[in-house]
Amino acid sequence: MQGNVRILFSAKCSGTFLAVWILICLKAVQSSQPQQQQQQPGIPLSVVKLWASAFGGEIKSISAKYSGSQLLQKELLSITSPRNSSEPSPPMKGVTRIGTRTYCPGGWEDAAPRGPRKHGEGVQVGFRKRILNSNPTCPEKPKELVKAVKVEEIDGVKLVKNLAVRMEEMFRRKAEATRRLVEAAEDAHHQHEENPDLQYEYFNAVLINEVDDEGNNVELGGEFILEPNDHFNNLSVNLSLSVVQVPTNMYNKDPDIVNGVYWSEALNKVFVENFERDPTLIWQYFGSAKGFFRQYPGVKWHPDEHGVIGFDCRNRKWYIQAATSPKDVVILVDVSGSMKGLRLTIARQTVSSILDTLGDDDFFNIIAYNQEIHYVEPCLNGTLVRADRANKDHFREHLDKLFAKGIGLLGEALAEAFTILGDFNSTGRGSVCSQAIMLVTDGATEMYDDVFEKYNWPERRVRIFPYLIGRESAFADNLKWMACANKGYFSQISTLADVQENVMRYLHVMSRPKVIDHEHDTVWTEAYVDSALTQAYKMKDKSGPSLMTTVAMPVFSTKNETKNQGILLGVVGTDIPLQELMKLIPKHMLGIHGYAFAITNNGYILMHPDLRPLYQEGQKRRKPNYSSVDLSEVEWEDKDDILRNAMVNRRTGTFSMDVMKTVDKGRRLLKMHNDYFYTDIKGTPFSLGVALSRGHGKYFFRGNVSVDAGLRDLEQPDVALADEWTYCNTEEEHEHRHLTQIQAIKLFLTGKRPHLKCERELIQEVLFDAVVTAPLRSYWTGLALNKSEKFWTACRQCSALDGKCSLSCDNDDINCYLIDNNGFILVAEEQSGVITLYDYQAVCQRVRLAASDSAHTLSNPFTVVKWLLAELVIFLLEFNLYSWWNIDASVKAQRTRGKTIMVPCDTEYPAFVSERIIRETSGSVDCEGCIRSFVIQQIPSSNLFMIVVDNKCDCSGAPAVTMDPIEIMYILSLKCDRLKYQKDRKKPESCHPFHPEENAIECGSATRPSFLFTSALLPLIAAVISR
């Protein structure tokens, strides 16, 4: 058995277990009679009991012999002093290792005091007694062992506090790097004078290294050196320069963009310095309020299959959270008769874009109005809901149900919106900060100053943002007056291409108070994957996208002449992969089933071993609501949210509860009792928790050996370190990134790389494990374990005096199975061994309802051409070219109806586990009139059961018992209650709703239609038609 490999984990109180997993496939049906203890014809219960008892004895014997546990116990006694580095490992004679000094033979199995320690006796005291009494004729050596080996109890509170300090330090370094970028950006802008005629060549992320047909570099795409770098997922990057990405719908040489790119070049130096100070940094960037995005290190961006990059930094969560304060928003949508057709389509798109700008700290509702008021979600009448992904998607589905008719009574709608905001704010359940009403309409016949005077003046705490839909400007003055009189901003939207740019303008108005206060609030996002960036530079990580959090800060104009205007220049940020957080977790201190986790101020998971952001492991497709999974959805045994609420409110404390953990991809269930320890991570909105499983995570086994002895055994070919553990941090310094963990350990211990950051305690423990387990290789060589042979041998025994057994598992009349406790599925009529588990991160298939059948009218080729030309002419008159590719998912959804999609859902599924009080049972199964008997017998000293079933009946037609998940279908009233229910959350400490010095004169203007693309395409269309 030269292939044996010892994988060293340095886990607490590691025991040696023999796990016998024999999978069976039983067609299980409900027992036809209650559980009984009487003998079944043909299968004597006493014989099965004899077989189980015999196998139990065999299993106990081989588990001790073949596992090497006795060998390890004796080996511990031999390690009382370090061996010389030149001394070779002595040959093994099966049970002991010979050290450099004489030792007392014997081990724990020979110790005088057998059995468990006395009640109230400390683990350390009990350990010492066992060692000191192991051999009274040689008392000195065990005393030396007590000094070398000890058992320590884990202090969970101390553990979680120390881990929180380490994470706090890491977060602090990232925040400091971001603050340096803020200072550099504001200083560069302060010294810059705007020049509308400025000509400046910069490195465009899409155009770099691109050439024309003649082989020359295209404009804004000069030669840009890129080299693969393993720190950035082996992407080709430039560590000296940044690149600039401009949204597809914006002009690369727009004067505003050119000026912004010019002065932000000063960030290149700070990008490089930050990376040199902290080599664990990854992407650093500046998102401009003008729309461009500067990213370091420089990397080439690739358009999607349609030749488009839909990324706009201003609708990223990190930008929105840093730019504005939390807000309560009511969106009013005009659905009067004049909004029919194209206007209603643009209105839907506008509302959807507004929803994109709302984050987890915001609250909202949508009201459609004509002569009546219609809540888009009727069950949310008179309230607001949190703007998480699930709620926003829910409202988007309802937007498709809006239709236009009647007349519009805006006054009543405004009064309803003001009432909702006032009532909800008084409850303290919303953001308790900024408030706004978004008005999406094609006109207003009056100014409604009486409504504003009643509800909003003179404080003007609610801002009004009117969006005029269509090209007509007859009502523009009324709507603009509403915006100016209520500290808002007026925009006119004529085409789908105008939507996003006009919607984004309200963010800069909402940011004015923060800018004037000059408060550089540090914001942290929830766990997310930036899909646009992943698409843009074609991530090469085959394991799928990795989760990250972003730290971001706003950048303000510091020029005196614009101070009261509150000009936001943009937002800077840097990403922090959650894998970096996980590297800080001392996994060796957590035990077999222990883990660490963190949540946000809203209770969403930042990191947790049960968070499943992808559809399937290894795939790159993310679940729709992967970034807003609540802690209560994974720690669902905490029915009263005691643990969740304590962590959300940033408390320090402990909590205990019984939990059910599944292993083997959910097929096996473990019942455990977890102790939770939690505290806050200062300087962030996050809270940290540690879960230790009783019996697996309470005590820690620690021993000392010499460095030379440990390294010699650690470098043996049969030793492998756990891949997911970090013994030395080889990522911080570029010169260390090529090192394996064993190489790093050796360099650290020998003093050749003193700057390596290593876990000295963990290394000492893995060296100790390497020395203690060294004899196992020779011990296992030559041993062979044939579990099935032992099983069948035991099943040939009987109590007959002549030794001739009438029944054994070799008989064709019966089938014998060996199952573990999770395969115990035929126990009682009530199936008391079935436990229901829940999955609140599931996804289920849905089929979109097909759109109208109008498409069938296009079956005639002539009709197709006629329809296409008519639609194209109308399209060109109403849109510019960009509308073709910048359409929102809500519009695209109309083309995907009838297709199968995956949506978030809740499911339940059964898990089977035996009751320990049931040791034997018998019964029968009715297979279409044929009675099939069975006997089940527990095997002593194990979690195994023996099942003997007669083979007289064909039960293949019986329904199978499966563990397939079943979707939980909520009734309508319960769905509404779930929408209304809001869990505890910790509001952000910073709030800037308004400022007395704010200049509200700049409050919007009408937009002019763009015919640039239309006029350019008309000759092309004419040429195509002429053919």
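Conventions and cut-offs
Residues numbered from 1 in each chain as written. Predicted model: local features only at pLDDT ≥ 70, side-chain atom pairs only at ≥ 80, totals over all residues. Heavy atoms only, no water. Helix = DSSP H or I, 4+ residues; strand = E, 2+ residues; numbered from the N terminus. Buried < 20%, exposed > 50% of the residue type's maximum accessible area, 1.4 Å probe, protein only. Contact = heavy atoms within 4.5 Å. Areas by Shrake-Rupley, 256 points an atom, 1.4 Å probe, with all protein chains shown as cover. UniProt positions renumbered as here; feature names shortened; annotations may be inferred. Salt bridge = Lys/Arg side-chain N within 4 Å of Asp/Glu carboxyl O. Core = buried A, V, L, I, M, F, W, Y, C linked by side-chain atoms within 4.5 Å. Polar contact = N/O pair within 3.5 Å; in protein donor to acceptor, adjacent residues only side chain to side chain. Pairing = 2+ DSSP bridges. Disulfide = S-S within 2.5 Å. pLDDT = per-residue confidence, 0-100. Axes fitted to C-alpha atoms, helices over the stretch in contact; angles between N-to-C directions.

1. Some details on the overall build of the chain
At step 1: The helix and strand tally for the chain stands at 27 helices and 35 strands.
At step 2: For the chain, the residues scored as buried account for 52% of the 1027 residues in total.
At step 3: When contacts within the chain are restricted to residue pairs at least 6 apart in sequence, those whose partners lie at least 24 apart make up 76%.
At step 4: Approximately 48100 Å² of the chain is accessible, and the part contributed by carbon and sulfur atoms is 52%.

2. Thoughts on the UniProt feature "coiled-coil region" (unreviewed entry) in the chain
At step 1: Per the UniProt record, "coiled-coil region" (unreviewed entry) is annotated on residues 160-195.
At step 2: Spanning residues 160-195, this segment combines 89% helix with 0% strand, and its end C-alpha atoms are found 54 Å apart.

3. Notes on the pattern of salt bridges
At step 1: A full pass over the atoms with the stated rule returns 32 salt bridges.
At step 2: Of the charged contacts in the structure, one is a salt bridge between Glu-176 and Arg-172, with a shortest N-O distance of 2.4 Å. On the criterion of helical spacing, the pair formed by Glu-176 and Arg-172 is a turn pair, its members being four residues apart in helix α5 (residues 156-191).
At step 3: Taking relative accessible area as the criterion, Arg-172 reaches 36% and is therefore assigned partly exposed.
At step 4: Ionic contacts of the salt-bridge type, sharing partners, join the residues Glu-169, Arg-172, Arg-173, Lys-174, Glu-176 and Asp-278 into one network.

4. Some thoughts on the nonpolar core
At step 1: Counting 107 residues, the largest nonpolar core has Met-167, Phe-171, Trp-318, Tyr-676 and Leu-688 as the members making the most contacts within it.
At step 2: The biggest single contributor to this core is α5, with 14 residues.
At step 3: Beyond its immediate stretch of four places on either side in the chain, Met-167 contacts Leu-581, Leu-584, Ile-585, Met-607, Ile-681 and Leu-688.

5. Some remarks on the side chain of Arg-396
At step 1: Tracing the sequence through the fold places Arg-396 in helix α10 (residues 389-399).
At step 2: There is a polar contact of 2.9 Å between the side chain of Arg-396 and the side chain of Ser-352.
At step 3: Non-local contacts of Arg-396, meaning those with residues more than four positions away in its chain, are made with Ser-352, Leu-355 and Asp-356.

6. Let's talk about helix α13 (residues 476-485)
At step 1: Of all the residues in α13, the buried ones are Ala-476, Asn-478, Leu-479, Met-482, Ala-483 and Ala-485.
At step 2: For α13, the elements touching its buried residues are α11 (410-427), β13 (434-441), α12 (449-455), β14 (462-469) and β15 (490-493).
At step 3: Looking at the residues trailing α13, positive phi occurs at Lys-487, about 55 degrees.

7. Regarding the sheet that holds strand β4 (residues 235-238)
At step 1: Ordered by their spatial adjacency, three strands build an open sheet running β3-β4-β8, and the pairing between neighbours is antiparallel. Pairing within the sheet leaves two strands with one partner each, and these edge strands are β3 (227-229) and β8 (298-299).
At step 2: Of the strand pairs in this sheet, β4 and β8 are connected by two bridges, and their pairing is antiparallel. If you follow Asn-238 over to β8, its bridge partner there is Gly-298.

8. A look at the state of the cysteines
At step 1: Throughout the structure, instances matching the rule amount to six disulfides.
At step 2: One disulfide in the model links Cys-433 with Cys-991; its S-S distance is 2.0 Å. Handedness here is read from the sign of the S-S torsion; for Cys-433 and Cys-991, about 110 degrees, the answer is right-handed. Of this pair, Cys-433 sits in the loop between α11 and β13 while Cys-991 sits in the loop between α26 (972-980) and β35 (1004-1005), placing them 558 residues apart in sequence.
At step 3: A residue is classified by how much of its surface remains accessible, and Cys-433, at 12% relative accessible area, is buried.
At step 4: Since its relative accessible area comes to 32%, Cys-991 is described here as partly exposed.

9. Comments concerning the environment of Cys-816
At step 1: Mapped onto the secondary structure, Cys-816 falls in strand β28 (residues 814-820).
At step 2: Remark: the alpha-carbon pair of Cys-816 and Ile-947, spanning 131 residues in sequence, is separated by 5.7 Å.

10. With respect to the pairing of strand β9 (residues 327-334)
At step 1: The buried fraction of β9 is high, at eight of eight residues.
At step 2: The side-chain alternation of β9 yields two buried faces, one formed by Lys-327, Val-329, Ile-331 and Val-333 and the other by Asp-328, Val-330, Leu-332 and Asp-334.
At step 3: As paired strands, β9 and β13 are joined by seven bridges and run parallel to one another. Within the sheet, the bridge partner assigned to Leu-332 lies in β13 and is Leu-439.
At step 4: Inspection of the sheet shows β9 paired to strand β10 (residues 363-369) by seven bridges, in the parallel sense. Residue pairing for β10: Val-333 is matched across the bridge by Ala-368.

11. Here's the deal with the environment of Pro-196
At step 1: Tracing the sequence through the fold places Pro-196 in the loop between α5 and β3.
At step 2: Assessed through its relative accessible area of 59%, Pro-196 is described here as exposed.
At step 3: Separated by 63 residues in the primary sequence, Pro-196 and Asn-259 place their C-alpha atoms 7.8 Å from one another.
At step 4: Once residues lying within four places of it in the same chain are set aside, the contact partners of Pro-196 are Pro-255 and Asn-259.

12. As for the confidence of the model for the chain
At step 1: This prediction gives the chain a mean pLDDT of 77; 73% of its residues lie at or above 70.
At step 2: Between residues 535-543, whose pLDDT stays under 50, and residues either more than four places distant or in other chains, the model counts 27 contacts.
At step 3: Note that residues 1007-1027 has pLDDT below 50 and, in this model, 17 contacts with residues that lie over four places away or in other chains.

13. Topic: the sheet that holds strand β33 (residues 944-950)
At step 1: With antiparallel pairing, the four strands of this open sheet are ordered in space as β28-β33-β32-β31. Whereas interior strands pair on both sides, the edge strands pair on one side only; in this sheet they are β28 and β31 (920-927). The sheet shows a mean angle of 20 degrees between the axes of neighbouring strands, taken without regard to direction.
At step 2: Note: strand β32 (residues 930-938) against β33, five bridges, orientation antiparallel. When the sheet's bridge partners are listed, Val-935 is paired in β33 with Val-948.

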